[in-house]
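Residues per chain are reported as follows:
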Amino acid sequence: METLQTLTWTDAWYLAPELTLSIFAVVLAILDLFLPRSWNRNLIGWLTILGLAVAAVFVVWLMLDFKNAGAANPEASVHNLLGVSYRVDDYGGLLKLLFLGASAFIVLASLGSTRNSDIPLKGEFYYFVLPAVLGAMVMASSGDLITLFVGLELLSITSYILVGMRKRSGLSAEGAFKYLVTGGTASAFILYGMSFLYGVTGSTNLAAIGNAMPGAIADYRALVYVAFFLMTAGFAAKLALAPFHAWAADVYEGAPTPVTSFLAVVSKAAAFGMLYRIFMNTAYFTKGDPMVQKDLYLALAVLAATAMIVGTAGALRQHNVKRLLALSGVANAGILLTPLTLQLTQLHSSLFSEFAYYLLAYAFMNIGAFAVLTVVSRGSGNESLSGFAGLYYRAPWTAAGMTVLLCSLAGLPVTGGFFGKLFILFGTVQTGAYWLAAILLATTVVSYAVYFSFIRQMYMRSGSDDSVIRVPGPAAVSIWICVAATLVLGFMPKPIIGWIDGLFSIPYDFLAR
């Protein structure tokens, strides 16, 4: 309790991004209550974007302060709050910028392009995004199991509400129920694993757990296995990693399209941030017993490989675009997990850079693809592949942008998706994980059939309706920023990954010491 009472006004400055989102969420909820029903709720959407932008400014400000301070003393590049239960560092800063930027683009794409039947409660949708992002940010900066779980539940509970926002839709109700049950079960597995980890180490602090891990293995070897495998199963369900992915397609199909985009990008990225933070600070320190470390990371590698295979194969049979992108997300979750499964050596010390680069590319290409889907489904009245038929003739520029995004999802040059997969592939080869490299290559080739089915519909099929599809201004801005970012990541991969490497330090920004 003495530690918890040491939060000062100076420390509160380091929580400025989180406090900004909290204040905006409360103010917008009250504002929505007092706005007349006749008013357009897009005002709440624009103010939500403003809140996300202000929080991002604070994150950048803090990162620049840390960079200047770290030039003289590397330890000054990290600020610990509440007894190291909350860490403000560049690892969390990078992920926070991704959460905030992705959420802003998702909200922007929804302005003027979603039907009332898709999001009947627009005001609630906009300001519910803010606490969800706040939960993701808490997960990215936590240095303690309790704080991590609080952030996870804040994100999860808000997401359950967002998925069930279409009150009169049976698909939405079904998706929300499945998401609630699966998410609650996954949280229980994670919490149960954390309790075992606390039991064998005597602490919930990640730094203390890492230090106590050799002794815990010596005394409670079996319980260490139980703790990590329980948490692995819980995270696999949260991330929709096969074979824990059955809920994803139904939830993605039932949720409003902007919410589906949020789940695919922000929720997934936050869970990955939490997974990387926990495993790098705990499982990495099981070196006292190399067999334990090998078994734990082998389990993650098998999950990654299974997700790539099952996700790609399942997407081949889908005609509903949301379900197809859900299974594509399963395969991409396997790719994003791969760097964590690789050994950290002098030859391969860039696992976070590989993960961060592909996560950034994944965010842009998915947000852009879901934004196009929002526009197309509004114009065609359905969310199937056939809705994209003749898109080149109805909205040629939108079809061109979607083509770039699909090429990135498929991993074709010169896009961000191509170099993201290439960097991860190099990592698997450098560490000798040739079987994982082979699966990554094979599933990437097979995925061409999935993404080219869109191109065939857009350019080689004629739709039943030849009317021009109108793309609202905010949605067009969101789509083309995503397309431009995808191309920039493809044309300038070396400067970007060099910037991540220069900003990020494993000893100070990753390990809770």
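Whatever comes next refers back to the structure up there.
Chains are numbered independently. Their residues run from 1 in the order of the written sequence. With the structure being a predicted model, the display of local features is reserved for residues of pLDDT at least 70 and the display and counting of side-chain atom pairs for 80 or more, all residues being used for whole-chain, interface and lining totals. Hydrogens and waters are ignored; side-chain quantities use all the structure's heavy atoms.

Novice: What's the story with the overall build of the protein chain in this structure? I'm lost.
Specialist: Within the protein chain one finds 20 helices and 2 strands. With C-alpha atoms as the basis for the radius of gyration, the globule rule is written as 2.2 Å multiplied by the number of residues raised to the power 0.38. Taking 2.2 N^0.38 as the reference for a compact globule, 513 residues should give roughly 24 Å; the C-alpha atoms of the protein chain span a radius of gyration of 22 Å, in line with that estimate. Along the first, second and third principal axes, the C-alpha set of the protein chain runs to 70 × 55 × 45 Å. The buried label applies to any residue whose accessible area, calculated with a 1.4 Å probe on protein chains only, is under 20% of its type's maximum; exposed applies above 50%, and partly exposed to all values in between. In the protein chain, which comprises 513 residues, the proportion classed as buried is 62%. Residue contacts are defined here by distance: any two heavy atoms, one from each residue, within 4.5 Å place the two residues in contact. Long-range pairs, those at least 24 residues apart, make up 80% of the contacts in the protein chain between residues at least 6 apart in sequence. Looking at the protein chain as shown, the accessible area adds up to about 19500 Å², and 68% of this sits on carbon and sulfur atoms. Looking at the protein chain, you have 28 positive and 24 negative side-chain charges, and the mean spots of the two groups are 11 Å apart. Elements are defined by DSSP. Helices are runs of H or I of four residues or more, strands are runs of E of two residues or more, and each kind is numbered from the N terminus. Using the Shrake-Rupley algorithm and a 1.4 Å probe, accessible areas are obtained, with residue cover drawn only from the displayed protein chains. His is not counted, nor are the chain ends, whereas Lys and Arg count as positive and Asp and Glu as negative. In plain terms, the charge of a residue is placed at NZ if it is Lys, CZ if Arg, CG if Asp and CD if Glu.

Novice: Any chance you could explain the environment of N205 here in plain terms?
Specialist: As for its placement among the helices and strands, N205 is situated in the loop between α7 (170–201) and α8 (206–238). Here N205 is in contact with G83, V84, S85, G143 and D144, once residues within four sequence places are set aside.

Novice: Would you take a moment to explain the nonpolar core for this structure?
Specialist: Across soluble globular proteins, nonpolar side chains show a tendency to be buried alongside one another. By size, the foremost hydrophobic cluster in this structure holds 183 residues, and its most contacted members are F99, I278 and F388. No other element matches helix α13 (residues 351–380), which puts 20 residues into this core. Ignoring sequence-local partners within four residues, the contact set of F99 consists of V133, A136, M137, A140, V266, A269 and A270. In this description, a nonpolar core means a group of buried Ala, Val, Leu, Ile, Met, Phe, Trp, Tyr and Cys residues linked to one another through side-chain atoms lying within 4.5 Å.

Novice: Is there a simple way to think about a nonpolar patch on the surface in this case?
Specialist: A contiguous nonpolar surface patch, about 470 Å² in accessible area, is contributed by V26, I30, L33 and F34. As for its placement among the helices and strands, V26 is situated in helix α2 (residues 16–34). Patch membership is restricted to residues that have no salt bridge and whose relative accessible area is over 30%. Joining uses 9 Å for like charges and 5 Å for the nonpolar side chains Val, Leu, Ile, Met, Phe, Trp and Tyr. Salt bridges, as used here, are contacts in which a Lys or Arg side-chain nitrogen is within 4 Å of a carboxyl oxygen on Asp or Glu.

Novice: Honestly, the packing of aromatic side chains in this entry has me stumped. Any pointers?
Specialist: Working definition: an aromatic ring pair is given by the centre-to-centre distance plus the angle between the planes. Aromatic pairs are defined between Phe, Tyr and Trp rings, using the six-membered ring for Trp, whenever the two ring centres lie within 6.5 Å; interplanar angles under 30 degrees are classed as stacked, those over 60 as edge-to-face, and all others as tilted. Applying the stated rule across the entire model yields 24 aromatic pairs. Geometrically, the ring pair formed by Y225 and F229 is stacked, given 5.9 Å between the ring centres and 25 degrees between the ring planes. On the criterion of helical spacing, the pair formed by Y225 and F229 is a turn pair, its members being 4 residues apart in helix α8. Assessed through its relative accessible area of 35%, F229 is described here as partly exposed. Judged by centre distance (6.3 Å) and plane angle (70 degrees), the rings of W397 and W480 are edge-to-face.

Novice: I would appreciate a short explanation of the side chain of T20 in the present structure.
Specialist: Mapping T20 onto the fold places it in helix α2. T20 gets classed as buried once you look at its relative accessible area, which sits at 9%. Leave out the neighbours within four places in its chain, and T20 touches G51, V54, A55 and F58.

Novice: What is the right way to look at the environment of Y91 in this model?
Specialist: Here Y91 lies in helix α4 (residues 90–110). Spatially, the C-alpha atoms of Y91 and R277 are 9.1 Å apart, while their sequence positions differ by 186 residues.

Novice: Is there a simple way to explain unusual backbone geometry in this structure?
Specialist: Peptide bonds are trans in most cases, and residues, glycine excluded, mostly fall at negative phi. Going from A242 to P243, the amide bond is cis rather than trans, its omega being 5 degrees. When you line up the elements, P243 lands in the loop between α8 and α9 (246–254). Notably, A240 is not glycine yet its phi reads approximately 60 degrees, a positive angle. Relative to the elements of secondary structure, A240 occurs in the loop between α8 and α9.

Novice: Looking at this structure, how should I read helix α16 (residues 416–430)?
Specialist: At 3.6 residues per turn, the α-helix brings residues three or four places apart onto the same side. Expected helix span is given by 1.5 Å per residue-to-residue step, counting one fewer step than there are residues. In this model, α16 (15 residues) spans 21 Å end to end at C-alpha, consistent with the 21 Å of a helix rising 1.5 Å per residue. Buried residues of α16: G416, G417, F419, G420, K421, F423, I424, L425, G427 and T428, and no others. Each element contacted by the buried residues of α16 is listed here: α12 (321–341), α13, α15 (396–410), α17 (434–460), α18 (473–491) and α19 (493–503). Following α16 by one or two positions, G432 has its phi on the positive side, about 80 degrees.

Novice: What is the right way to read the packing of helix α11 (residues 290–315) against α17 from this model?
Specialist: Packed helix pairs are specified by the crossing angle of their axes together with the interaxial distance, meaning the distance between the axes. Following both chains from N to C, one finds α11 and α17 inclined at 15 degrees, their axes separated by 9 Å at the closest point. Accordingly, the angle class assigned to the pair α11 and α17 is roughly parallel. Crossing handedness for the pair α11 and α17: left-handed. Between α11 and α17, the contacting residues are L298, A301, V302, A305, M308, I309, T312 and A315 on the first element and W435, L436, I439, L440, T443, V446, S447 and V450 on the second. Residues are grouped as follows: nonpolar covers Ala, Val, Leu, Ile, Met, Phe, Trp, Tyr, Cys and Pro; charged covers Asp, Glu, Lys and Arg; every other residue, Gly included, is treated as polar. Residues of the contact of α11 with α17, tallied by class, amount to 13 nonpolar, 3 polar and no charged. Every angle, taken between N-to-C directions, lies between 0 and 180 degrees, and every axis is a line fitted to C-alpha atoms, over only the stretch in contact when it is a helix. When an angle is under 35 degrees it counts as roughly parallel; over 145 it counts as roughly antiparallel; between 65 and 115 it counts as roughly perpendicular; any other value is oblique. Should the near helix be turned counterclockwise from the far one by less than a right angle, the crossing is left-handed, whereas a clockwise turn marks it as right-handed.

Novice: What's the story with the packing of α12 against α16 in this structure? I'm lost.
Specialist: Closest axis-to-axis distance for the α12/α16 pair is 10 Å, and the angle between their directions is 40 degrees. Accordingly, the angle class assigned to the pair α12 and α16 is oblique. For the pair α12 and α16, the crossing hand works out as left-handed. Contacts from I335, T338 and P339 of α12 reach α16 at K421, I424 and T428. Per-class residue counts for the contact of α12 with α16 are 3 nonpolar, 2 polar and 1 charged.

Novice: Got a minute to help me understand the environment of T182 in this structure?
Specialist: Residue placement: T182 occurs in helix α7. By relative accessible area, which is 22% here, T182 ends up partly exposed. When the C-alpha positions of T182 and K294 are compared, they lie 29 Å apart, and in sequence the two are 112 residues distant.

Novice: When you look at α12 in this model, what are you seeing that I'm missing?
Specialist: For α12, with 21 residues, the first-to-last C-alpha span of 30 Å sits near the 30 Å given by 1.5 Å per residue. Burial analysis of α12 places 20 of its 21 residues in the buried class, which makes it a mostly covered element. Definition of a polar contact: a pair of N or O atoms within 3.5 Å, with one able to donate and the other able to accept a hydrogen when the atoms are protein atoms, and with sequence-neighbouring residues admitted only if both atoms are side-chain atoms. In this structure N320 caps α12, since a side-chain oxygen of it lies 3.0 Å from the backbone nitrogen of K322.

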